[in-house]
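Each chain, written out:
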There are 2 protein chains.
Amino acid sequence: MDEREALAMLASELPGAGDDAAVIGDQVVTTDMLHETTDFPAGTTRYTAGWRAVGASLSDVAAMGARATAAVAAYGAPELDREEIEAFVAGASDVCEAVDAAYVGGDLDGHEEFTVATTALGDADDPVRRSGAQPGDAVCVTGTLGRSAAALELFDDGKPERANDLFRFEPRVAAGRALAPDATAMMDSSDGLARSLHQLAEASDCGVEIDGDAVPIDDAVAEVATDDAERREMGLFFGEDFELVVAIPEDRLDAAIERCPTPLSRVGTVTGAGVEIDGEPLPDRGFTHGKE
Amino acid sequence: MDEREALAMLASELPGAGDDAAVIGDQVVTTDMLHETTDFPAGTTRYTAGWRAVGASLSDVAAMGARATAAVAAYGAPELDREEIEAFVAGASDVCEAVDAAYVGGDLDGHEEFTVATTALGDADDPVRRSGAQPGDAVCVTGTLGRSAAALELFDDGKPERANDLFRFEPRVAAGRALAPDATAMMDSSDGLARSLHQLAEASDCGVEIDGDAVPIDDAVAEVATDDAERREMGLFFGEDFELVVAIPEDRLDAAIERCPTPLSRVGTVTGAGVEIDGEPLPDRGFTHGKE
């Protein structure tokens, strides 16, 4: 079973496991495990790792339209080095501060591979699920896509400073809260836009039609991609960008764009069935940690 | 730096990191990372692993005198095997049910070593810290000690069924809540009684005098220990038993024992300084994951 199938299995057994975070009363909670081999390429600083790992969980809180309250992280590494831990905690604290949450601590574990597990908490009176999209709703994306794909290339190309910059994203908590009153369905794009659209379509029992030219590709992608095919691959499929993918009724779209503190791009429309881009089927593939 | 020094460093930098769980308003949150090499000996079933990993975090909630509300777990393994994941989730769910909390889901990660990170949440109007013990308070322990040490021997001896039984402990949430109104300081015994007493003494700026004969050793220890020295080692130093270590003012002790749903043994008394057993210094050593 790959990670995706396993998660689908869990989703069928646990209430709320099909959303970005679990809902307990007016609280949301979400946890993620990241590790060196698949998530932190050579050159990733411990500061960036702390920012990014905790940011990934805060992004799940954002995707529920919740206020982020707090985060914790468990840090496992072969060497419990003081400077590395301090850098990690600084990154974790700073990303929390960026979204008005508190980093409240964690656990340390001697571990063969550098491994981080993060948990973020939030509260929401009316959390936004993946399952409420209706045909005719506008499909939108916050910010830009392809940043993390570009970062990976830059790590490979020996440009770690720029790559680390791109790797530290701002979790879209403020955008998620601003969009929540209008959103019929929301999730983050951590598995890539294509896969996210498939997941949203499946959860909402609908389809999505995307306009390829409307997909907001990050400028950094142009720095590393050699042709249109590569740009498209990075923007649509690579994932790990932690933007929000959201469905909004047509008549509330202008107000939502106005209210959202992050640029919001309309990329398509909810349909009855099928996930398509420019009239062709959009493959359901993306970044799967379990595969490698 | 070993795990203990690293944790001490973090404790000096993060509010609440010196307690079993972080406090955010009327909530407590705690996270733990466990992995195969140090925490799950060969023969540990995935059901037991789920129970024990989530139980370890619930024990931290218990140590704050909080009500346990929910837990999540991130599960990393080389193979995301359906039966193994289901067994893990069943164990995680069952230990939550045992303390009236909800297991609300988690994350899956393809990972070279079997690794689990768990987070538990609770609420408490007035969480009990490690820092309030006063000279003259009685020092007590719930349940019995040495169960996990005995379990390890039994895993080694090829008796996995009995070992798995011993490895699945009931987190002392009900006891923690019953003791909270009277407790001046509380923590769990996950690092062993000796180390826990040192930590409690340090946090409370006091000492502790223990009566060696009063330490409640689990019957299972007799099955595996060959002499008194080994019994004493398992009961005092090994740890991983997840009982509560609590300081209670003398005049409230009888009522606390009466109210506590778990047997509560008085093992000693809070003093001005020094951690001693039967008049001799009690070494500050125990189970340190980071050491191996």
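Under an unreviewed UniProt entry, the name given to chain A is Thiamine-monophosphate kinase, and the organism recorded is Natronoarchaeum mannanilyticum. Annotation of chain A in UniProt includes, under Function (unreviewed entry), the sentence "Catalyzes the ATP-dependent phosphorylation of thiamine-monophosphate (TMP) to form thiamine-pyrophosphate (TPP), the active form of vitamin B1." According to UniProt, the comment filed for chain A under the heading Catalytic activity (unreviewed entry) is "thiamine phosphate + ATP = thiamine diphosphate + ADP".

Chemist: Any chance you could explain the pattern of salt bridges here in plain terms?
Modeler: Working definition: two side chains of opposite charge can pair if their charged atoms are close together. All names here are of chain B. Scanning all chains against the criterion turns up 30 salt bridges over all chains. Asp20 is the salt-bridge partner of Arg130, the closest N and O atoms lying 3.0 Å from each other. Taken as a pair, Arg130 in the loop between strand E5 (115-123) and strand E6 (138-142) and Asp20 in the loop between helix H1 (3-13) and strand E1 (22-24) lie far apart in primary sequence, 110 residues in all. Asp182 is the salt-bridge partner of Arg259, the closest N and O atoms lying 2.1 Å from each other.

Chemist: For this particular structure, what's the right way to read the sheet that holds strand E9 (residues 244-248) of chain A?
Modeler: Hydrogen bonds between backbone atoms are what pair the strands of a sheet, whose relative direction is either parallel or antiparallel. All names here are of chain A. If you walk across this open sheet you meet the seven strands as E7-E9-E6-E10-E8-E11-E12, and the pairing is mixed. The open sheet has two free edges, formed respectively by strand E7 (185-188) and strand E12 (280-281), since each of these has just one partner strand. Packing of helix H8 (residues 193-204) onto the sheet brings it into contact with strand E6 (138-142), E7, strand E8 (207-210), E9 and strand E11 (275-277), and relative to E7 it is tilted by some 145 degrees.

Chemist: How should I be thinking about the side chain of Thr118 of chain A in this particular structure?
Modeler: Residue and element names in this part refer to chain A. The topology assignment puts Thr118 in strand E5 (residues 115-123). We classify Thr118 as buried; its relative accessible area is 1%. Within polar-contact distance, the side chain of Thr118 engages the side chain of Ser57 at 2.8 Å. Once residues within four sequence positions are removed from consideration, Thr118 is found in contact with Thr30, Thr31, Asp32, Ala53, Val54, Ser57, Val72 and Ala73.

Chemist: Sorry if this is basic, but what is going on with the UniProt feature "binding site: Mg(2+) 1" (unreviewed entry) in chain A here?
Modeler: The UniProt entry lists Thr31, Asp32 and Asp107 of chain A under the feature "binding site: Mg(2+) 1" (unreviewed entry), expressed in the numbering used here. A maximum C-alpha distance of 14.4 Å among these annotated residues, which run over 77 residues, shows that they cluster at one spot. On the accessibility criterion, Thr31 of chain A (5% relative accessible area) is buried. Sequence-distant contacts of Thr31 of chain A, that is, excluding residues within four places in its chain, are made with Ser57, Thr118 and Thr119 of chain A together with Val72, Ala73, Ala74, Gly106, Asp107 and Thr119 of chain B. A distance of 3.0 Å separates a polar atom in the side chain of Thr31 of chain A from the backbone oxygen of Thr118 of chain A.

Chemist: Where do I start with the pairing of E8 of chain A in this structure?
Modeler: Taken residue by residue, a regular strand's side chains alternate between the two faces of the sheet. All names here are of chain A. Relative to strand E10 (residues 264-271), E8 runs antiparallel, the two being bridged by four bridges. Counterpart to Gly207 in the pairing with E10 is Thr271. Relative to E11, E8 runs parallel, the two sharing three bridges. Its bridge partner lying in E11, Ile210 is registered against Ile277.

Chemist: Which parts of the structure should I look at to understand the sheet that holds strand E2 (residues 27-35) of chain B?
Modeler: Residues and elements named next belong to chain B. Taken in spatial order, the five strands make up an open sheet running E1-E2-E5-E3-E4, and their pairing is mixed. Pairing within the sheet leaves two strands with one partner each, and these edge strands are E1 and strand E4 (102-110). The average angle at which neighbouring strand axes cross in this sheet is 20 degrees, direction not considered. Examined bridge by bridge, E2 and E5 share nine bridges and lie antiparallel to one another. By the bridge assignment, His35 is partnered in E5 with Thr115. Across the sheet, helix H3 (residues 46-63) is in contact with E2, strand E3 (67-77), E4 and E5; its angle to E5 comes to roughly 40 degrees. Where helix H4 (residues 82-98) meets the sheet, its contacts fall on E3, E4 and E5, and the angle it forms with E4 comes to roughly 150 degrees.

Chemist: I would appreciate a short explanation of the domain arrangement of chain A in the present structure.
Modeler: One frequently used descriptor of interface size is the decrease in accessible area upon assembly of the parts. Residues and elements named next belong to chain A. Under the domain assignment used here, chain A contains domain 1 (3-123) and domain 2 (138-291). Taking the mean C-alpha position of each, domain 1 and domain 2 sit 20 Å from one another. The partner domain 2 presents 27 residues to the 29 residues of domain 1 that form the contact. Note on domain 1 versus domain 2: buried area summed over both sides is about 2,400 Å², and carbon and sulfur give 58% of it.

Chemist: Explain H3 of chain B here, please?
Modeler: All names here are of chain B. Given a rise of 1.5 Å per residue, 18 residues ought to cover 26 Å, and the 25 Å separating the end C-alpha atoms of H3 matches this to within 8%. Largest kink in H3: about 25 degrees, centred on Ala56. Taking burial as the measure, the 18 residues of H3 include 17 buried ones, the bulk of the element. Immediately beyond the C-terminal end of H3, within one or two residues, lies Gly65, with a positive phi of roughly 70 degrees.

Chemist: Help me understand the packing of helix H5 (residues 147-156) of chain A against helix H10 (residues 228-238) of chain A in this model?
Modeler: How two helices pack is summed up by the angle between their axes together with the distance between the axes. Residues and elements named next belong to chain A. It is at 8 Å that the axes of H5 and H10 come closest, and there the two elements cross at 120 degrees. The orientation of H5 relative to H10 falls into the category oblique. Together, Ser148, Ala149, Ala150, Leu152 and Glu153 of H5 and Glu230, Met234 and Phe238 of H10 make up the contact between the two elements. Class assignment for the residues of the contact of H5 with H10 results in five nonpolar, one polar and two charged.

Chemist: I tried to follow the UniProt feature "binding site: Mg(2+) 2" (unreviewed entry) in chain A on my own but got confused; where do I start?
Modeler: Residue and element names in this part refer to chain A. Per the UniProt record, "binding site: Mg(2+) 2" (unreviewed entry) is found at Asp32 and Asp60. Spatial clustering of the annotated residues is evident: they stretch over 29 residues in sequence, but the largest pairwise C-alpha distance comes to 9.5 Å. Checked against the element boundaries, Asp32 lands in strand E2 (residues 27-35). For Asp32, a relative accessible area of 13% puts it in the buried group. Only 2.7 Å separates the side chain of Asp32 from the side chain of Ser57, close enough to count as a polar contact. Looking at the element boundaries, Asp60 is found in helix H3 (residues 46-63). Residue classification places Asp60 among the buried positions, given a relative accessible area of 7%. A polar side-chain atom of Asp60 sits 3.1 Å from a polar atom in the side chain of Thr30.

Chemist: Before we go on, may I ask you to explain the packing of H5 of chain A against helix H6 (residues 160-167) of chain A in this structure?
Modeler: Residue and element names in this part refer to chain A. Between H5 and H6, the least distance of the axes is 8 Å, while the angle of their chain directions is 160 degrees. With respect to H6, the axis of H5 lies roughly antiparallel. Between H5 and H6 lies a crossing whose hand is left-handed. Between H5 and H6, the residues in contact are Arg147, Ser148, Ala150, Ala151, Leu152, Leu154 and Phe155 and Pro160, Arg162, Ala163, Asn164, Asp165, Leu166 and Phe167, respectively. Residues of the contact of H5 with H6, tallied by class, amount to nine nonpolar, two polar and three charged.

Calculation rules
- Residues numbered from 1 in each chain as written.
- Chains lettered and ligands numbered in written order.
- Predicted model: local features only at pLDDT ≥ 70, side-chain atom pairs only at ≥ 80, totals over all residues.
- Heavy atoms only, no water.
- UniProt positions renumbered as here; feature names shortened; annotations may be inferred.
- Salt bridge = Lys/Arg side-chain N within 4 Å of Asp/Glu carboxyl O.
- Helix = DSSP H or I, 4+ residues; strand = E, 2+ residues; numbered from the N terminus.
- Pairing = 2+ DSSP bridges.
- Contact = heavy atoms within 4.5 Å.
- Axes fitted to C-alpha atoms, helices over the stretch in contact; angles between N-to-C directions.
- Buried < 20%, exposed > 50% of the residue type's maximum accessible area, 1.4 Å probe, protein only.
- Polar contact = N/O pair within 3.5 Å; in protein donor to acceptor, adjacent residues only side chain to side chain.
- Domains from an automatic or database assignment.
- Buried area = accessible area lost by both parts, 1.4 Å probe.
- Expected span 1.5 Å × (residues − 1).
- Bend = angle between axes of the 7 residues up to and from the residue.
- Parallel < 35°, antiparallel > 145°, perpendicular 65-115°, else oblique.
- Nonpolar A, V, L, I, M, F, W, Y, C, P; charged D, E, K, R; others polar.
- Left-handed = near helix turned anticlockwise from the far one by under 90°.

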